[in-house]
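# Examination of the molecular architecture
Listed below are the residues making up each chain.
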Amino acid sequence: MKITNWKLLESIETAITEYNNQLWREEDKNLKLDGLEYDDDWESAEVPTEILKKLKTLRISLIAKDTSPEELEDIINQLSRILDEMDLTLFNFSMNSRGNQTSNVNLSFLDHLNENVKNFSLTGVDLSQETSSLFTRFKSLDYFSLQKCNISNPSIISEINPDVIVSLERNTIAPEHYKKALELIKTSRGRVKFSDRELQTITRNIFYRSNKIK
């Protein structure tokens, strides 16, 4: 599979390194994966599908101001093709920017992510118009993070198994949704984490000044 974006290739190289680091015993050395062979431009490479199928982690980290809409769309299209060949246990996608700014990202690549992923994270992506249906099919999660995603209504995580550790940190929950947030915290027995200061104050009052939840 030809990949023509160096940012994606960098992520795949990191995943290969992580895979090889798991094979620390000497008898496993023949199982290690080779690095990618780049084209002359050093920005494209042929990535064998047999390598993609073996990788278990993939972290995509982009800088918003350095990624044009056209490049982002190209990355999303190539990422979708990559994910079709992968069976990941960990997937992270981040759009890094200053302050509270989030980025509009075409989330169609999520349709290509394997549903048995265990560790899932989106950061810096605007999810203000999304609903819980976006994540319904991910049933095997252990950890789920939507940080700095412009989320005001925590109902977006209402379909996530209450045993999953969930982070909604760096979002500002609207006061009219505090009740729903507290219901989710109770249901998960504290596994849902927020960073909004006002909401933290309310949850402290519930968990530390009441003996109703043990």
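Right above here is the structure, for reference.
These notes cover the structure that comes with them. (Residues numbered from 1 in each chain as written. Predicted model: local features only at pLDDT ≥ 70, side-chain atom pairs only at ≥ 80, totals over all residues. Heavy atoms only, no water.)

## Observations regarding the pairing of strand β5 (residues 119–123)
For clarity, the cut-off: A simple rule labels every residue: compare its accessible area, found with a 1.4 Å probe on the protein chains alone, to the largest value its type can have, and call it buried under 20%, exposed over 50%, or partly exposed in between. Strands are runs of DSSP state E lasting at least 2 residues, helices are runs of H or I lasting at least 4, and numbering of each runs from the N terminus. Two strands form a pair only when DSSP identifies at least two bridges running between them.
In terms of burial, β5 is a largely internal element, four of the five residues being buried. As paired strands, strand β4 (residues 90–96) and β5 are joined by five bridges and run parallel to one another. Of the residues in β5, the one forming a bridge with Leu 90 is Asn 119. In the sheet, β5 pairs with strand β6 (residues 143–147) via five bridges, with the strands oriented parallel. Residue Leu 122 lies in a different strand from β6, and its bridge partner there is Leu 146.

## Points about the nonpolar core
Short version of the rule: In these notes, a set of buried Ala, Val, Leu, Ile, Met, Phe, Trp, Tyr and Cys residues joined through side-chain atoms within 4.5 Å is what counts as a nonpolar core. Any two residues whose heavy atoms approach within 4.5 Å are treated as being in contact.
Ranked by size, the top nonpolar core spans 61 residues in total, and within it Phe 91, Phe 93, Phe 109, Phe 135 and Leu 146 carry the most contacts. Elements that contribute at least two residues to this core include exactly α1 (6–21), α2 (49–54), β3 (57–63), α3 (69–84), β4, β5, β6 and α4 (178–187). Tallying contributions element by element places α3 first for this core, with six residues. Look past the residues within four positions of Phe 93 in its chain and what remains in contact with it is Ile 60, Leu 62, Ile 76, Leu 79, Val 105, Phe 109, Ser 121, Leu 122, Thr 123 and Val 125.

## Re the pairing of β4
How we decide: By convention, a crossover is right-handed whenever its connection, traced from the first strand over the helix to the second and viewed with the strands pointing away, goes clockwise.
Burial within β4 is extensive, with six of its seven residues counted as buried. With seven bridges joining them, β3 and β4 adopt parallel strand pairing. Bridging across to β4, Ile 63 finds its partner in Asn 96. As for the winding sense of the linkage, the β-α-β connection from β3 through α3 to β4 is right-handed.

## What about unusual backbone geometry?
Unusually for a residue other than glycine, Asn 150 sits at a positive phi of about 55°. As for its position among the elements, Asn 150 is in the loop between β6 and β7 (165–167). Since its relative accessible area comes to 43%, Asn 150 is described here as partly exposed.

## Remarks on the pattern of salt bridges
Worth spelling out the cut-off: Salt bridge, as used here, is a side-chain nitrogen of Lys or Arg placed within 4 Å of a carboxyl oxygen of Asp or Glu.
For the structure shown, the criterion picks out seven salt bridges. Here Lys 7 makes a salt bridge to Glu 71, at a shortest N to O gap of 3.4 Å. Here Lys 7 is found in helix α1, whereas its partner Glu 71 is found in helix α3, with 64 residues between them in sequence. On the basis of relative accessibility, which here comes to 14%, the residue Lys 7 falls in the buried class.

## Details of α1
A turn of α-helix holds 3.6 residues, and therefore any two residues three or four places apart point the same way. Condition: Here the expected span of a helix is defined as 1.5 Å times the quantity of residues minus one. Polar contacts, as used here, are pairs of N or O atoms within 3.5 Å; protein pairs need one atom able to donate a hydrogen and one able to accept it. Residues neighboring in sequence count only if both atoms are side-chain atoms.
Compared with an ideal rise of 1.5 Å per residue, which puts 16 residues at 22 Å, α1 spans 22 Å between its outermost C-alpha atoms and is within 8% of the ideal. Of all the positions in α1, only Lys 7, Leu 8, Leu 9, Ser 11, Ile 12, Ala 15, Ile 16 and Asn 20 are classed as buried. Its buried side turned inward, α1 meets β1 (2–3), β2 (45–46), α2, β3 and α3. A distance of 2.9 Å separates the backbone nitrogen of Lys 7 from a side-chain oxygen at the start of α1, and that oxygen is part of Asn 5.

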